[in-house]
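# Coordinate analysis (summary)
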Amino acid sequence: MREAHTVEQVRAAEDVVLARVPDGALMQRAAGGLASALADFLGRVYGARVLLLVGAGNNGGDALYAGASLARRGAQVDAVLLGGERTHAAGLAAYRAAGGQVVEPAQVRDTDVVVDGIVGIGGTPGLRAEAMAVLDMVDAPVVAVDVPSGVDVDTGETPEAHVVADLTVTFGTLKPCHLIDPAAQACGAVHLVDLGLDLPRADVVALQAPEVRALLPRPTPDAHKYTRGVVGLRVGSATYPGAAVLSALGASSGLVGMVRYVGSATDQVLAVAPEIVGAGRVQAWVVGSGGGDEAAEALADAFADEVPVLIDADGLRHLDAPPPVPALLTPHAGELAAMLDVPRDDVETAPLRHAREAADRFGAAVLLKGRRTLVAEPGGRVYVNTTGTPWLATAGAGDVLGGLCGALMAAGLEPVLAGAVGSWVAGAAASELAADGPLTASQLARAIPGTVRRLLTDPEDGPW
Ligand SMILES: NC(=O)C1=CN([C@@H]2O[C@H](COP(=O)(O)OP(=O)(O)OC[C@H]3O[C@@H](n4cnc5c(N)ncnc54)[C@H](OP(=O)(O)O)[C@@H]3O)[C@@H](O)[C@H]2O)[C@@H](O)CC1
Ligand SMILES: Nc1ncnc2c1ncn2[C@@H]1O[C@H](COP(=O)(O)OP(=O)(O)O)[C@@H](O)[C@H]1O
Ligand SMILES: [K+]
């Protein structure tokens, strides 16, 4: 599992190490990792041209020590000191001693890479005018030190100007901005340098293949279909029968013992999945995908069964109070905006804050769909999904996801984990199917069993 810690957590953990290692040792470790990552990124060191943008704090110090290391190995390194007199003194001395050059903004020349050491975890969002001016002058790939300067480290928000990096080399642990959009998109690839920090439990995490594999329900040797769980679908409507079909395909991915369908699209559902049966006892309901005018009644009927409920799309419009059963709410940004009565743009610029707020307000797990889907539990953890491809942004993919997550709930996963595992699997299936090309929602659903099989047999080797 990848964990992202807040600035406060990182500082507390660093303080413990700083108290027991010699002065500067931690920064040397960070800068050593940064220099190696830069060498890998450049593909060569001798003769490579490197431009450091150095801010007033320790982030600039990291850049200077890494620059010194590259200069000693024959790189031509220039540094613009944006912090003036307050530049990290020992870092600057080491840099000069290694042959690094200090240049004024007007002297900036072509470079192979820009190293963003403007500001790290001590920064406030935004970039100052001088930094923006230098960034505007150069046209080269950017490697960010710890975080792309200017993003909000703890929330992943980007309220002001910020660096957009091709690679971010971070230290000790990930921070929320490395996982959560929109800041995550400004990080490029993320490389973590271990600092040996002893860190507490993180509130922002991303499941990886081994955890997803361990969480996946699988039949015991003596299983029968009822012990594996039965999921019920009250989805689709006369207007949107296709949503019922896609939900049914997602639920029929083989992770549950039986799928029931109750609604107006029975004929269409049976035409694609004849194994699906009608009304009866279930361990979880899926409600609302393409539900149209039928969603309100479907929701009330599902609640009456007192089993966990996944509430999607039109079902969410009828939710004005916390659901009376354990629930997973699966809005996209527009639906979450309506639930919270805020503009959609607010959700898109601050997805973490709004997913958490909705989870608290509705007392339920909230899965906010997007490039980096978030699954928030009330007052608790947020799971960030890192699998998937932009080709997944296609009509009906959310219906498939709802059916899949509902099946996982029926199989016994608590709502927040059903959301985290389901979004991981759906994203992984999409990547396997079409990392570089188009896919449809029905193809996605049909790809899921194969992805699950490969995850169970060879978790280290998928394209996820
Ligand atoms: N602790 C350790 O041993 C280790 C620390 N490590 C490294 O240290 C980093 C944290 O260093 P830090 O705490 O010195 O803060 P840092 O991020 O450099 O920024 C603060 C400075 O920036 C300024 N400033 C603020 N906002 C700004 C803005 N928008 N635009 C421009 N400037 C802005 C602010 O000054 P101001 O002008 O506001 O007075 C202040 O001087 C961390 O990310 C990691 O890289 C690693 O080496 C591992 C070991
Ligand atoms: N840019 C993107 N990159 C990766 N996945 C995305 C992106 N945009 C959307 N998705 C995913 O695609 C699915 C779309 O769901 P949704 O918006 O509910 O579609 P629909 O309502 O048409 O079924 C979600 O799983 C979402 O996380
Ligand atoms: K930085």
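Note that the coordinates shown come from a computational prediction; the quantities given were computed from them, not determined experimentally.

What follows covers the coordination of the potassium ion (ligand 3). Ligation of the potassium ion (ligand 3) by protein atoms is provided by Asn 59 (OD1), Asp 116 (O), Val 119 (O), Val 145 (O), Val 147 (O) and Ser 149 (OG), these donors lying 2.7 to 2.9 Å from the ion. Classification of the site at the potassium ion (ligand 3) as irregular follows from its six donor atoms and the range of 65 to 167° in their angles at the metal.

Attention now moves to the sheet that holds strand 11 (residues 258–261). Hydrogen bonds between backbone groups are what pair the strands of a sheet, and the pairing can be parallel or antiparallel. Pairing within the open sheet is mixed, and its ten strands lie in the order 1-9-17-16-15-14-13-12-10-11. On the outer flanks of this sheet lie strand 1 (2–4) and strand 11, each paired with one strand and no other. Averaged over all pairs of adjacent strands, the angle between their axes in this sheet comes to 20°, without regard to strand direction. With three bridges joining them, strand 1 and strand 9 (residues 204–206) adopt antiparallel strand pairing. Bridging across to strand 9, Glu 3 finds its partner in Val 205. Set on the sheet, helix 16 (residues 397–410) makes contact with strand 10 (230–234), strand 12 (284–287), strand 13 (309–312), strand 14 (327–330) and strand 15 (365–368); between it and strand 13 the angle comes to about 170°. Lying on the sheet, helix 17 (residues 415–434) is in contact with strand 14, strand 15, strand 16 (374–376) and strand 17 (382–384); it crosses strand 16 at an angle near 170°.

As a further point, take the domain arrangement of the chain. What the domain assignment lists for the chain is domain 1 (2–203) and domain 2 (209–457). When each unit is reduced to the centre of its C-alpha atoms, the spacing between domain 1 and domain 2 is 39 Å. Each partner contributes to the interface: domain 1 provides 15 residues, whereas domain 2 provides 15 residues. Scanning the region where domain 1 abuts domain 2 turns up three salt bridges. For Glu 3, the salt bridge identified is with Arg 381, shortest N-O distance 3.9 Å. Remark: the boundary between domain 1 and domain 2 carries five residue pairs in polar contact (both at pLDDT 80 or more). Looking at side-chain class alone, the side of domain 1 that touches domain 2 contains five nonpolar, three polar and seven charged residues.

Turning our attention to the pairing of strand 10. Within strand 10, five of the five residues are buried, which leaves it mostly tucked inside the rest of the structure. Burial along strand 10 is two-sided: the residues Val 230, Gly 232 and Arg 234 and Val 231 and Leu 233 are all buried. Following the backbone out of strand 10, through helix 9 (residues 241–251) and into the adjacent parallel strand 11, one traces a crossover that is right-handed. As judged from the four bridges shared by strand 10 and strand 12, these two strands associate in the parallel manner. If you follow Leu 233 over to strand 12, its bridge partner there is Val 286.

Let's shift gears to the UniProt feature "binding site: AMP" (unreviewed entry) in the chain. With numbering aligned to this structure, UniProt lists the feature "binding site: AMP" (unreviewed entry) at Lys 369, Gly 370, Arg 371, Arg 372, Thr 373 and Gly 398. Spanning 30 residues, the annotated positions come together in the fold, the maximum distance between their C-alpha atoms being 13.8 Å. Mapped onto the secondary structure, Arg 372 falls in the loop between strand 15 and strand 16. Not counting residues within four places of it along the chain, the set of residues in contact with Arg 372 comprises His 178, Leu 179, Asp 181, Ala 184, Val 384, Asn 385 and Thr 386. Looking at Arg 372, its side chain comes within polar contact range of the main-chain oxygen of Leu 179, at 3.1 Å. Here Thr 373 shows up in the loop between strand 15 and strand 16. Look at Thr 373 and you get buried, because its relative accessible area is 8%. What Thr 373 contacts, discounting residues up to four positions off in sequence, is Leu 367, Leu 368, Tyr 383, Val 384, Asn 385 and Ser 423. A polar side-chain atom of Thr 373 sits 3.2 Å from the main-chain carbonyl oxygen of Gly 370.

Cut-offs and rules
Residues numbered from 1 in each chain as written. Chains lettered and ligands numbered in written order. Predicted model: local features only at pLDDT ≥ 70, side-chain atom pairs only at ≥ 80, totals over all residues. Heavy atoms only, no water. Donors = N, O, S within 2.8 Å, 3.2 Å for Na, K, Ca; no water. Tetrahedral: all angles 85-135°; square planar, octahedral: opposite > 155°, others 65-115°. Pairing = 2+ DSSP bridges. Helix = DSSP H or I, 4+ residues; strand = E, 2+ residues; numbered from the N terminus. Axes fitted to C-alpha atoms, helices over the stretch in contact; angles between N-to-C directions. Contact = heavy atoms within 4.5 Å. Domains from an automatic or database assignment. Salt bridge = Lys/Arg side-chain N within 4 Å of Asp/Glu carboxyl O. Polar contact = N/O pair within 3.5 Å; in protein donor to acceptor, adjacent residues only side chain to side chain. Nonpolar A, V, L, I, M, F, W, Y, C, P; charged D, E, K, R; others polar. Buried < 20%, exposed > 50% of the residue type's maximum accessible area, 1.4 Å probe, protein only. Right-handed = clockwise from strand over helix to strand, strands pointing away. UniProt positions renumbered as here; feature names shortened; annotations may be inferred.

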